[in-house]
Amino acid sequence: MKRTFRTALPLVAGLAAGALLLTACGEGAQGSGGSGGSGGPVKVGLITKTDTNPFFVKMKEGAEGAAQQAGAELTTAAGKFDGDNEGQVTAIENMVASGVKGILITPNDSKAIVPAIEQARKKGVLVIALDSPTDPQDAADALFATDNLKAGELIGRYAKAAMAGKPARIATLDLAPGVAVGQLRHDGFLKGYGIEEGDPAVVCSQDTGGDQAKGQTAMENCLQKAPDINVVYTINEPAALGAYTALKAKGREKDVLIVSVDGGCTGTEAVKSGKIAATSQQYPLLMAAKGVDAVVAYAKDGTKASGYVDTGVTLITDAPAAAVPAKDTAYGLENCWG
């Protein structure tokens with residue numbers, strides 16, 4: 001049987017749809033270390049950017065499994081869309097009012113969410129950012145995340161090596177303004193490739209929101225601006241697949257190098273099939289599971305998570321480049337999500 005992160009913790013099916021999802025799970029599951037000061041289960045909140053992206057679905061799965069094992073009570077919430085700060089603010093307020101001991105959050109807006117986090121912390125709630133840091137990072141008690149700068153740097157180094165000295169005409173298909181994770185990956189790619197912002201090798205930059213359809217449109221726009229593009233960096237694999245569709249329509253899919261970040265199962269399959277040359281794989285289930293464990297520890301004995309905890313990143317490709325550490329797609333598919 002394939003060993004995947006999906007089997008690392010119990011699966012919980014039945015994700016509810018909705019503009020702002022608030023559900024409780026693990027109630028009545030009393031386990032060691034699961035009781036808070038009132039004698040009941042420790043209440044933990046998880047707030048993701050959306051409840052539809054497979055990355056956040058896997059994150060929720062990790063939190064559910066860890067909460068079940070610890071006998072904690074998990075409440076989850078998600079914004080209406082990627083970028084919905086107001087929905088996340090409301091979720092924080094609701095969770096604090098319900099008596100959570102800690103909140104795990106993937107910020108939709110790294111700066112705008114800070115006042116709500118500060119209010120929660122003033123009331124004794126442990127706040128841990130997952131995946132995306134707050135701005136400033138120390139606005140939350142801790143950050144459990146992929147090193148997104150490193151993730152970008154790995155694919156930048158790979159792209160540089162794969163080009164083997166050929167002049168690059170680069171398109172960057174980014175996330176959106178004000179989102180730290182997108183900026184970190186973008187900056188990491190440039191660093192890994194050995195260029196700086198504003199370098200003439202970057203001939204087009206477009207925001208995609210991490211969406212496949214928007215990624216296709218962005219790539220079409222870039223091809224109109226610079227038909228000779230030969231390297232495409234994408235914020236995530238949906239954007240990469242959108243770019244591939246646009247390139248294929250122009251007959252360019254074989255001669256343009258696409259690199260990305262995430263390591264979802266669909267994206268890893270795209271690496272295996274050759275649509276994407278390489279991707280940096282991250283591990284959302286682990287982020288959330290560690291976050292729940294940290295909140296339970298805080299409730300038990302006051303141990304307070306702090307600083308940055310790196311949850312790992314691995315370059316996945318079946319065409320390794322010299323001096324760039326990587327694993328193949330067999331490994332990637334064993335450890336993917338979505």
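Everything in this summary refers to the structure shown in the same document. (Residues numbered from 1 in each chain as written. Predicted model: local features only at pLDDT ≥ 70, side-chain atom pairs only at ≥ 80, totals over all residues. Heavy atoms only, no water.)

Observations concerning the pattern of salt bridges
Taken as a whole and assessed by the stated rule, the structure comprises nine salt bridges. When the shortest N-O distance is used, the salt bridge between lysine 60 and glutamate 64 registers 4.0 Å. Taken together, the positions of lysine 60 and glutamate 64, both in helix α1 (residues 54-70) and four residues apart, correspond to about one turn of that helix. Relative accessible area serves as the criterion here: at 9%, lysine 60 is assigned to the buried category. Judged by relative accessible area, glutamate 64 falls into the buried class, the value being 6%. The structure contains a network of salt bridges with shared partners spanning Arg121, Asp141 and Lys304. (Salt bridge = Lys/Arg side-chain N within 4 Å of Asp/Glu carboxyl O. Helix = DSSP H or I, 4+ residues; strand = E, 2+ residues; numbered from the N terminus. Buried < 20%, exposed > 50% of the residue type's maximum accessible area, 1.4 Å probe, protein only.)

Let's talk about the environment of threonine 268
For threonine 268, the position within the fold is in helix α8 (residues 265-273). It is 8.5 Å that separates the C-alpha atoms of threonine 268 and glutamine 281, two residues lying 13 residues apart in sequence.

Details of the pairing of strand β11 (residues 278-281)
Burial along β11 is two-sided: Ala278 and Ser280 facing one way and Thr279 and Gln281 facing the other are all buried. Of the pairings in the sheet, the one linking strand β10 (residues 257-262) to β11 comprises four bridges and is parallel in character. Within the sheet, the bridge partner assigned to serine 260 lies in β11 and is threonine 279. Handedness of the crossover joining β10 and β11 through α8: right-handed. Examined bridge by bridge, β11 and strand β13 (residues 314-316) share three bridges and lie antiparallel to one another. Of the residues in β13, the one forming a bridge with glutamine 281 is threonine 314. (Pairing = 2+ DSSP bridges. Right-handed = clockwise from strand over helix to strand, strands pointing away.)

Considering the pairing of strand β7 (residues 170-174)
Within β7, five of the five residues are buried, which leaves the element mostly enclosed by the surrounding structure. In β7, alternate side chains face the same way, and those of Ile170, Thr172 and Asp174 on one face and Ala171 and Leu173 on the other are all buried. By the bridge criterion, five bridges tie β7 to strand β8 (residues 202-207) in an arrangement that is parallel. For leucine 173, the partnering residue across the bridge sits in β8 and is glutamine 206. For the segment spanning β7, helix α5 (residues 180-193) and β8, crossover handedness is right-handed. Where β7 meets strand β9 (residues 231-234), four bridges bridge the pair, whose relative direction is parallel. What sits directly across from isoleucine 170, in β9, is valine 231.

Digging into the packing of helix α4 (residues 148-163) against α5
Following both chains from N to C, one finds α4 and α5 inclined at 35°, their axes separated by 6 Å at the closest point. By crossing handedness, the relation of α4 to α5 is classed as right-handed. Residues Asn148, Leu149, Gly152, Glu153, Ile155, Gly156, Arg157, Ala159, Lys160 and Met163 of α4 form the contact with α5, whose participating residues are Val181, Leu184, Arg185, Asp187, Gly188, Phe189, Lys191, Gly192 and Tyr193. Of the residues that constitute the contact of α4 with α5, the class distribution is eight nonpolar, five polar and six charged. (Axes fitted to C-alpha atoms, helices over the stretch in contact; angles between N-to-C directions. Left-handed = near helix turned anticlockwise from the far one by under 90°. Contact = heavy atoms within 4.5 Å. Nonpolar A, V, L, I, M, F, W, Y, C, P; charged D, E, K, R; others polar.)

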